[in-house]
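Residue-level structural notes
These are the residues of each chain, in order.
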Amino acid sequence: MMTRTLTPRRRGRTLGVVSLATLTALVLSAGIAATSAQAAGSTLQAAAAESGRYFGTAIAANKLSDTAYTTIANREFNMVTAENEMKLDATEPNQNQFNFTNGDRIVSWARSNGKQVRGHTLAWHSQQPGWMQNMSGSALRSAMLNHVTQVATHYRGQIHSWDVVNEAFADGSSGARRDSNLQRTGNDWIEAAFRAARAADPNAKLCYNDYNTDNWSHAKTQAVYNMVRDFKSRGVPIDCVGFQAHFNSGNPVPSNYHTTLGNFAALGVDVQITELDIAGSGTSQAEQYRGIVQACLAVSRCTGISVWGVRDSDSWRSGDTPLLFDGNGNKKLAYNYTLDALNAGGTGNPQPGDGCTVTVTRAEEWSDRFNVSLAVSGSSTWRVAIQLQGAQSLQNSWNATVSGTSGTLTATPNGNGNSFGITVYKNGSTTLPTATCSTT
Ligand code: 9MR
């Protein structure tokens, strides 16, 4: 149960708690087709489960005695992340003396209520215990790997996904690794952590987790993408990428979010939205939550969404009222939009861009140019807008009609199916073009 892998299904809803007898009675009495009698999920976890996804929350051990809190958490969510209790300072306060008391309380609450657990986090520059902050070099490398091994071994078999490494890239336009004592042990510290985690718990999915990686055109997003691509090509054990998704006016929900999620997924990893919260209120906040859900539902390997806390008053930034329940435990408008979007399965409220999705994959590369493969799903009558990067220009295309030579290209079907390709002259930029799909 605890390590069961959930595979999203785009279509075909489970009937949840509606029994066959009840359903038959409904169909007979209403005289309607069975498909329209299928129950919409009435909680976040039930609605997400319709497409095989999970819906989770961060849990704080010291709130497990608050019944208002646990009532909502138990009803709405089927995935739990320890907000602070599995971090380095909590689990190894003194070197080689481990304390799992509060982490175990959360796992125990989750297990006894039938929920799965995301582990957060094994290696991070922040919230290190004092002894680790003062270490460097090979001693720190060994201590970090020992920490990964000991903690992942303690929780072996009980963790759906581990955030093995958290927040290892710098903000801004550099695309560089974040400077930290861990980074200064050598650039390979991240892959070393992943290998140690795999050895300790072979059944947990191993994720890289970060923030400000939502907008496909941001340097940090590209840098993480390039690392994951490199790891996959060299066989470093990575299974998933976590997008923290902490949004506010300075870091808004990007319109190309489904492109970001889809491009990472195309590397052969699951993607998960791991710490979602959106500053704001009312319709604006609710629409942004809906956009996030729709972006996840548009990507089959987006396997679940977790919000970073239950009620606004539980949030690490409660003044931003960023969650789905208010301080009194009432459902907010953002809750209703989120639930509706999950129940719509990504096909409700048709908008430009809905109805088809496109994945963009890098292919053959030469010194001056590279190939890009594009695959459309969801429709056979599509138009794909391809955004070339920098001074890139089109050399060639196949299996679609492509117009334009630089900037934004437009591709439409030419009778050769839904997969097509282009060759792009780099002209100084090797960044993968982005693409959006709309139906015609
Ligand atoms: O929500 C967490 C808060 O209670 C802690 O004080 C803080 C300490 O760093 O960490 C918060 O959670 C962070 C998470 O572990 C990593 N991504 C950013 C989250 C919000 O700061």
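Below you will find a few notes about this structure. Bear in mind that the values here come from a model prediction, so they are computed numbers and not experimental data.

Thresholds applied
- Residues numbered from 1 in each chain as written.
- Predicted model: local features only at pLDDT ≥ 70, side-chain atom pairs only at ≥ 80, totals over all residues.
- Heavy atoms only, no water.
- Helix = DSSP H or I, 4+ residues; strand = E, 2+ residues; numbered from the N terminus.
- Buried < 20%, exposed > 50% of the residue type's maximum accessible area, 1.4 Å probe, protein only.
- Areas by Shrake-Rupley, 256 points an atom, 1.4 Å probe, with all protein chains shown as cover.
- Polar contact = N/O pair within 3.5 Å; in protein donor to acceptor, adjacent residues only side chain to side chain.
- Contact = heavy atoms within 4.5 Å.
- Disulfide = S-S within 2.5 Å.
- Near = heavy atom within 4 Å.
- Nonpolar A, V, L, I, M, F, W, Y, C, P; charged D, E, K, R; others polar.
- Pairing = 2+ DSSP bridges.
- Axes fitted to C-alpha atoms, helices over the stretch in contact; angles between N-to-C directions.
- Salt bridge = Lys/Arg side-chain N within 4 Å of Asp/Glu carboxyl O.

1. Side note on the overall build of the protein
Looking only at helices and strands, the protein features 13 helices and 17 strands. Within the span of the protein, comprising 440 residues, buried residues form 53% of the whole. When the accessible surface of the protein is summed, it comes to about 17,200 Å², and 47% of that surface belongs to carbon and sulfur atoms.

2. Brief notes about the side chain of Ser-393
For Ser-393, the position within the fold is in strand β13 (residues 393–398). On the basis of relative accessible area, Ser-393 is assigned to the buried category, the value being 19%. Here Asn-427 takes part through its side chain, which lies 3.1 Å from a polar atom of the side chain of Ser-393. Non-local contacts of Ser-393, meaning those with residues more than four positions away in its chain, are made with Leu-388, Thr-405, Thr-423, Val-424, Tyr-425 and Asn-427.

3. Topic: unusual backbone geometry
Omega for the bond connecting His-120 with Thr-121 falls within 30 degrees of zero, at 0 degrees, which places this linkage in the cis form. Tracing the chain through its elements places Thr-121 in strand β3 (residues 116–124). Not every positive phi belongs to a glycine, and Asn-212 is a case in point at roughly 55 degrees. Here Asn-212 is to be found in the loop between β5 (205–210) and α10 (219–234). A relative accessible area of 25% places Asn-212 in the partly exposed class. The backbone of Thr-321 sits at a positive phi, close to 35 degrees, despite the residue not being glycine. Counting through the fold element by element, Thr-321 comes out in the loop between β9 (302–307) and α13 (333–344).

4. Regarding the state of the cysteines
Evaluated as defined, the whole model comprises two disulfides. Bridging Cys-207 to Cys-240, the disulfide has an S-S length of 2.1 Å. With the S-S bond torsion at -90 degrees, the cross-link from Cys-207 to Cys-240 turns out left-handed. Taken together, the residues Cys-207 in strand β5 and Cys-240 in strand β6 (residues 240–243) connect sequence positions 33 residues apart. Note on accessibility: Cys-207 and Cys-240 belong to one class, buried. Across a sulfur-sulfur distance of 2.1 Å, Cys-296 and Cys-302 are joined as a disulfide pair. In this structure the cystine formed by Cys-296 and Cys-302 twists about its S-S bond by roughly -100 degrees; its chirality is therefore left-handed.

5. Looking at the site of the ligand
Around the ligand sit 13 residues, and of these Glu-83, Lys-87, His-120, Gln-127 and Glu-275 come closest. Contact between the ligand and Asn-84: an oxygen atom at 2.9 Å from a side-chain N or O atom of the residue. Interatomic distance of 3.0 Å between a side-chain N/O atom of Trp-308 and an oxygen atom of the ligand. Split by residue class, the shell around the ligand holds three nonpolar, six polar and four charged.

6. What to know about helix α11 (residues 257–265)
One turn of an α-helix holds 3.6 residues; hence residues three or four places apart share an orientation. Among the nine residues that make up α11, eight are buried, leaving the element largely enclosed by the rest of the structure. Residues Tyr-257, Thr-259, Thr-260, Leu-261, Gly-262, Asn-263, Phe-264 and Ala-265 constitute the buried set of α11.

7. Regarding the sheet that holds strand β17 (residues 434–439)
Across the sheet, which stays open at both edges, the four strands sit in the order β14-β15-β12-β17 with antiparallel pairing between neighbours. Edge positions in the sheet fall to β14 (401–403) and β17, since each of these pairs with one other strand and no more. The average angle at which neighbouring strand axes cross in this sheet is 20 degrees, direction not considered. Here strand β12 (residues 382–387) runs beside strand β15 (residues 408–412); their pairing, made up of four bridges, is antiparallel. Of the residues in β15, the one forming a bridge with Ala-385 is Thr-410.

8. Side note on the pattern of salt bridges
As enumerated under the stated definition, the model contains 20 salt bridges in all. Across the salt bridge formed by Asp-179 and Arg-184, the nearest N and O atoms sit 2.7 Å from each other. Since its relative accessible area comes to 56%, Arg-184 is described here as exposed. In this structure, Arg-234 and Asp-230 form a salt bridge, with 2.9 Å as the shortest nitrogen-oxygen distance. Residue Arg-234 and its partner Asp-230 are both found in helix α10; the two are separated by four residues, about one turn of the helix. Through salt bridges with shared partners, a single network forms among Lys-63, Asp-66, Arg-311 and Asp-314.

Nothing here speaks to function; it is geometry throughout.
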